[in-house]
Amino acid sequence: MRRAVCPGSFDPITNGHLDVIERASGLFDEVTIAVLANSSKTGLFSMEERIAMAKEASAHLANVKVDTWSGLLVDYCKTHEIKAIVKGLRAVSDFDYELQMAQMNLQLKGVDTLLMATKPAYSFLSSSLVREIAKYGGDVSALVPAGVLKALKSKAGGK
Ligand code: PNS
């Protein structure tokens, strides 16, 4: 079975992430959305909330599942017999960061990374911008799945 993982902090999952996940699900037998901690980022949503949002947003994809892991991504891949990491590449500004991680993951455990060009419509989209726009009451309804929109509104309302 050809397995791939789409890793990320998904704080929260966006339509840009989903586009990459949907296209990966057409290329692999099984795709796992791995909701992971990024030690250089502080989060808005808890891991449980991120996982729930990712599950809801990907429920229509039969070969996609959601999981989490507290260690290195490459160890997750080895444990679950996953040979490929798939990540979206929005613009050249993503490239240095993604290439560095891809090469490190290859060096560490021989796990390959495929960088998938995002749809141009999502090249400006990031979870951090979504959080900021939603925080100040801006409209992000075209940028995130319905469940995420609801969760963002309830976070904003709870403050
Ligand atoms: O969505 P992000 O924040 O760009 O995703 C980064 C993420 C979570 C994939 C990366 O930080 C990661 O793989 N974290 C797990 C720990 C790990 O393996 N770190 C070494 C990466 S070379």
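Preceding this section is the structure that the text describes.
**A short note on helix H6 (residues 146-157)**
Argument step 1. With 12 residues, H6 should reach 16 Å at 1.5 Å per residue; the first-to-last C-alpha distance of 17 Å fits that figure.
Argument step 2. Along H6, the residues classified as buried are Gly 147, Val 148, Leu 149, Ala 151 and Leu 152.
Argument step 3. Against helix H2 (47-57) and helix H5 (127-135) lie the buried residues of H6.

**So, the site of the ligand**
Argument step 1. As a matter of local geometry, the ligand sits amid 15 residues, with Ser 9, Asn 38, Lys 41, Leu 73 and Tyr 97 nearest to it.
Argument step 2. Here Ala 37 contributes a backbone N or O atom positioned 3.5 Å from a nitrogen atom of the ligand.
Argument step 3. In this structure, Lys 87 approaches the ligand through a side-chain N or O atom, which is 3.4 Å from an oxygen atom.
Argument step 4. Across the complex, the protein chains shield 82% of the 540 Å² of accessible surface that the ligand would expose by itself.
Argument step 5. Structurally, the ligand is housed in the largest pocket.
Argument step 6. Mapped onto the shell around the ligand, the elements with two or more residues apiece are strand S1 (3-8) and helix H4 (92-109).
Argument step 7. Here the shell around the ligand gets four residues from one element, more than from any other, and that element is H4.
Argument step 8. Tallied by class, residues from the shell around the ligand come to eight nonpolar, five polar and two charged.

**Description of the pairing of strand S3 (residues 64-69)**
Along a regular strand, successive side chains alternate from one face of the sheet to the other.
Argument step 1. Two strands pair when backbone bridges link them, and strand S2 (residues 30-36) and S3 are joined in this way by six bridges, in the parallel orientation. Looking across to S3, one finds that Ile 33 is bridged to Val 66.
Argument step 2. Taken together, S2, H2 and S3 constitute a β-α-β crossover, and its handedness is right-handed.

Rules and cut-offs
- Residues numbered from 1 in each chain as written.
- Predicted model: local features only at pLDDT ≥ 70, side-chain atom pairs only at ≥ 80, totals over all residues.
- Heavy atoms only, no water.
- Helix = DSSP H or I, 4+ residues; strand = E, 2+ residues; numbered from the N terminus.
- Expected span 1.5 Å × (residues − 1).
- Buried < 20%, exposed > 50% of the residue type's maximum accessible area, 1.4 Å probe, protein only.
- Contact = heavy atoms within 4.5 Å.
- Near = heavy atom within 4 Å.
- Polar contact = N/O pair within 3.5 Å; in protein donor to acceptor, adjacent residues only side chain to side chain.
- Areas by Shrake-Rupley, 256 points an atom, 1.4 Å probe, with all protein chains shown as cover.
- 1 Å grid on protein atoms, 1.4 Å probe; cavity = no way out; pocket = protein on both sides within 12 Å on 5 of 7 lines; lining within 4 Å.
- Sits in = over half its atoms within 2 Å of the grid points.
- Nonpolar A, V, L, I, M, F, W, Y, C, P; charged D, E, K, R; others polar.
- Pairing = 2+ DSSP bridges.
- Right-handed = clockwise from strand over helix to strand, strands pointing away.

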